[in-house]
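So the chains spell out like this:
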Amino acid sequence: MWLKALHLIFMVTWFAGLFYLPRLFVYHAMSDDEISNERFKIMERKLYFGIMTPGAILTLIFGIWMLFDYAWDVYGASAWLHAKLALIVVLVVYHLWCGKLVRNFRDDRNQHGHVYYRWFNEFPVLVLVAIVILASVKPF
Ligand code: HEM
């Protein structure tokens, strides 16, 4: 239960960043002065490396720890767990993609407008809903 509590605390930390970073990209893509540009770069770097990435790593560590501790024995044959693990791979790819976008903004090489980032921002919502339903309802 302590592992699950820590897993969930860091999952919330991770998702705070997954929701807010693309929002920063929206405002960054709309900004056109150098002071805002430099300020967004700092906010994005600190959020990605200081909050989101540690949150992601600790969520994964405590999740994997639970698998070894008891969960694989209990749920290893259940389809919901396999579906959840597949969605986590997708989420990690999204996280790494966010890192690439942070680097593009840092180097003043952003290629997308604010509408692109508004849609990009919706994706983690869908993944969160799916994973939480799989992990807590365990529908199959
Ligand atoms: C490597 C990544 C992950 C692994 C191995 C993992 C594994 C686990 C395990 C074994 C449990 C305990 C299941 C139980 O005893 O009922 C759990 C619970 C949970 N996980 Fe993960 N998880 C991972 C990532 C995530 C992510 C990214 C999210 C959110 C998007 C998430 C959301 C949850 C939730 C909400 C629960 C609580 C379910 C409940 O007890 O109601 N997990 N996870």
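It should be noted that the structure appears before, not after, this text.
Residues numbered from 1 in each chain as written. Predicted model: local features only at pLDDT ≥ 70, side-chain atom pairs only at ≥ 80, totals over all residues. Heavy atoms only, no water.

### Remarks on the site of the ligand
Lys4, His7, Tyr70, Lys84 and Lys138 are the nearest of the 23 residues found near the ligand. A distance of 2.5 Å separates an oxygen atom of the ligand from a polar side-chain atom of Tyr70. Separating a nitrogen atom of the ligand from a side-chain N or O atom of Lys84 is a distance of 2.5 Å. Placement of the ligand is best described as lying within the largest pocket. Of all the elements in the fold, those that place two or more residues in the shell around the ligand are helix H1 (2–30), helix H2 (34–75), helix H3 (79–106) and helix H5 (123–137). Top element by residues in the shell around the ligand is H2. It accounts for 8 residues. Each residue belonging to the shell around the ligand can be placed in one class, and the counts come to 17 nonpolar, 3 polar and 3 charged. (Near = heavy atom within 4 Å. Polar contact = N/O pair within 3.5 Å; in protein donor to acceptor, adjacent residues only side chain to side chain. 1 Å grid on protein atoms, 1.4 Å probe; cavity = no way out; pocket = protein on both sides within 12 Å on 5 of 7 lines; lining within 4 Å. Sits in = over half its atoms within 2 Å of the grid points. Helix = DSSP H or I, 4+ residues; strand = E, 2+ residues; numbered from the N terminus. Nonpolar A, V, L, I, M, F, W, Y, C, P; charged D, E, K, R; others polar.)

### Observations concerning the nonpolar core
Within the largest apolar cluster, 24 residues are counted, with the highest numbers of intra-cluster contacts made by Leu18, Leu21, Phe25, Leu91, Tyr117 and Phe120. Looking at which element gives the most residues to this core, the answer is H1, with 8 residues. Among all residues touching Leu91, those that are not within four sequence positions of it are Trp14, Phe15, Leu18, Val127 and Ile131. By size, the runner-up hydrophobic cluster in this structure holds 5 residues, among which are Ala71, Trp80, Leu81 and Leu134. (Core = buried A, V, L, I, M, F, W, Y, C linked by side-chain atoms within 4.5 Å. Buried < 20%, exposed > 50% of the residue type's maximum accessible area, 1.4 Å probe, protein only. Contact = heavy atoms within 4.5 Å.)

### Brief notes about unusual backbone geometry
At Asp108, a position not held by glycine, the phi torsion is positive, near 55°. Checked against the element boundaries, Asp108 lands in the loop between H3 and helix H4 (114–120). Residue classification places Asp108 among the exposed residues on the basis of a relative accessible area of 52%. At Lys138, a position not held by glycine, the phi torsion is positive, near 50°. Counting through the fold element by element, Lys138 comes out in the segment after H5.

### As for the packing of aromatic side chains
Under the criterion given, the structure shown has 15 aromatic pairs. The interplanar angle of 5° and the centroid separation of 6.0 Å between the aromatic rings of Phe10 and Phe62 together place this pair among those described as stacked. In this pair, Phe10 sits in helix H1 while Phe62 sits in helix H2, placing the two residues 52 residues apart along the sequence. Ring centres of Phe25 and Tyr117 lie 5.3 Å apart, and the angle between their planes is 55°; on these two criteria the pair is classed as tilted. Within this pair, whereas Phe25 is found in helix H1, its partner Tyr117 is found in helix H4, the two being separated by 92 residues in sequence. With relative accessibility at 0%, the residue Tyr117 sits in the buried group. For Lys138, the ring lying beneath its charged end belongs to Tyr75, and the centroid distance is 5.1 Å. (Phe/Tyr/Trp six-rings, centres within 6.5 Å; stacked < 30°, edge-to-face > 60°. Lys NZ or Arg CZ within 6 Å of the ring centre and 35° of its normal.)

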